[in-house]
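# Analysis of the macromolecular model
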Amino acid sequence: MKLHSIQGYIQKIYLIEYEDKLMLLDGASRADVSTIRAYIEETLQRSFNDLTIVVVTHMHPDHAGAAHQLRRLTGCKIVSANKKTDWYSGTDGWLMHLTDLALAWWMANRMGIPKRNLWYSRKLKPDYKLNDGDLIPGFEDWQVLETPGHTDRDLSVYCANESILYVADLMVEVKKQLIAPFPIFHPNKYRDSLHRVYHLNVKTLLLAHGGKSELNQQRFEHLVTTAPTRPITHWR
């Protein structure tokens, strides 16, 4: 197994390579489709159709935006959390979807990156809905862990054999400090998720915003201490 890190539009993209298949640990953004294709075909010298699984950890633009398009292009399967309702459901969901797109463009502007088309469906149609601890089909050395708080359906992707954990937006690294992301919809669940990740004591911790990182006791305590104790959301 090989782990590849790709610089995406506003986030890190992680690609897992096996001899006969590839898996993305998250669904990236719509602007990342060409980047992912170029990396697979030009850097790895492989067929784009070797991409067989795309995990969507949650529904934000830089984590779900490329999933449907990648499936159309490669025939890959989409994995998500097993939830009965869509994250962006109803009128509030529609408004939140627009707001999250605006936040993604704002972040790109802060990073000095030109504006790109990020539009994607607010309703995900996954092939596999997995529960906490379920193995990823075709990649049974990997499993999904439910780590909610940022949203109600956040997944982390874990390989116990290699002690690798991708936590998506569970934490963000800014100026060499780990901080909580925005938004935090469920602060109590968020702290539970932090404790769960900390006690896994993984060798390789992967962040969507910050790259490879470390969660030692000092950084963990700072993260827990500074995390919000009440919901910090679009409406609050």
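As shown above, the structure is provided for reference.
Described in the following lines is the structure provided in the data block. (Residues numbered from 1 in each chain as written. Predicted model: local features only at pLDDT ≥ 70, side-chain atom pairs only at ≥ 80, totals over all residues. Heavy atoms only, no water.)

Counting residues in hydrophobic clusters, the biggest one holds 35 residues, and the most contacted among them are Leu-15, Leu-24, Ile-36, Leu-51, Met-59 and Leu-70. Only β2 (12–17), β3 (22–24), α1 (33–43), β4 (51–55), α3 (67–74) and α4 (90–110) provide two or more residues apiece to this core. Not counting the four nearest positions on each side in its chain, Leu-70 is found in contact with Leu-24, Val-33, Ile-36, Phe-48, Leu-51, Val-54, Gly-75 and Cys-76. Core analysis: the second largest hydrophobic core is formed by 22 residues, Ile-53, Phe-139, Ile-164 and Tyr-166 among them. (Core = buried A, V, L, I, M, F, W, Y, C linked by side-chain atoms within 4.5 Å. Buried < 20%, exposed > 50% of the residue type's maximum accessible area, 1.4 Å probe, protein only. Helix = DSSP H or I, 4+ residues; strand = E, 2+ residues; numbered from the N terminus. Contact = heavy atoms within 4.5 Å.)

Before going further, it helps to examine the sheet that holds strand β9 (residues 155–159). Ordered by their spatial adjacency, six strands build an open sheet running β7-β8-β9-β10-β13-β14, and the pairing between neighbours is mixed. Two strands in the sheet have a free side with no partner beyond their single neighbour: β7 (135–136) and β14 (211–213). Two strands pair when backbone bridges link them, and strand β10 (residues 164–166) and strand β13 (residues 204–207) are joined in this way by three bridges, in the parallel orientation. Following the sheet pairing, Leu-165 is matched in β13 by Leu-205. In this fold helix α5 (residues 187–200) packs onto β8 (139–146), β9, β10 and β13, with an angle of close to 145° to the strand it touches most, β8. (Pairing = 2+ DSSP bridges. Axes fitted to C-alpha atoms, helices over the stretch in contact; angles between N-to-C directions.)

Where α1 meets α3, the closest approach of the two axes is 10 Å, and the angle between their N-to-C directions is 45°. The orientation of α1 with respect to α3, classified from their angle, is oblique. Relative to α3, the crossing made by α1 is right-handed. In this structure, α1 contributes Val-33, Ile-36 and Arg-37 to the contact, and α3 contributes Gln-69, Leu-70 and Leu-73. Grouping the constituent residues of the contact of α1 with α3 by class yields four nonpolar, one polar and one charged. (Parallel < 35°, antiparallel > 145°, perpendicular 65-115°, else oblique. Left-handed = near helix turned anticlockwise from the far one by under 90°. Nonpolar A, V, L, I, M, F, W, Y, C, P; charged D, E, K, R; others polar.)

Turning next to the packing of α5 against helix α6 (residues 217–226). For the pair α5 and α6, interaxial distance at closest approach is 11 Å and the crossing angle is 175°. As far as their axial angle goes, α6 and α5 are roughly antiparallel. In this structure, α5 contributes Tyr-190, Arg-191, Leu-194, His-195 and Tyr-198 to the contact, and α6 contributes Gln-217, Phe-220, Leu-223 and Val-224. Its residues placed into classes, the contact of α5 with α6 shows six nonpolar, two polar and one charged.

As a further point, take the sheet that holds strand β6 (residues 128–130). Overall, mixed pairing links the six strands, which are arranged β1-β2-β3-β4-β5-β6 in an open sheet. The sheet is open, and its two borders are formed by β1 (2–7) and β6, each paired with just one other strand. Averaged over all pairs of adjacent strands, the angle between their axes in this sheet comes to 25°, without regard to strand direction. With three bridges joining them, β4 and strand β5 (residues 77–81) adopt parallel strand pairing. Opposite Val-54, over in β5, you have Ile-78 as the bridge partner. Strands in contact with α1 are β1, β2, β3 and β4; relative to β1, the strand with the most contacts, it is inclined by about 140°. Sitting on the sheet, α3 is in contact with β3, β4 and β5, with an inclination near 170° to β4.

Right, let's talk about the environment of Asp-20 for a bit. When you line up the elements, Asp-20 lands in the loop between β2 and β3. Note: C-alpha distance between Asp-20 and Ser-89 (69 residues apart in sequence) is 37 Å.

A cluster of nonpolar side chains, namely Trp-94, Leu-95, Leu-98, Trp-119 and Trp-235, defines an oily patch on the protein surface of about 520 Å² accessible area. Within the fold, Trp-119 resides in the loop between α4 and β6. (Patch = residues over 30% accessible without salt bridge, like charges linked within 9 Å, V, L, I, M, F, W, Y side chains within 5 Å. Areas by Shrake-Rupley, 256 points an atom, 1.4 Å probe, with all protein chains shown as cover. Salt bridge = Lys/Arg side-chain N within 4 Å of Asp/Glu carboxyl O.)

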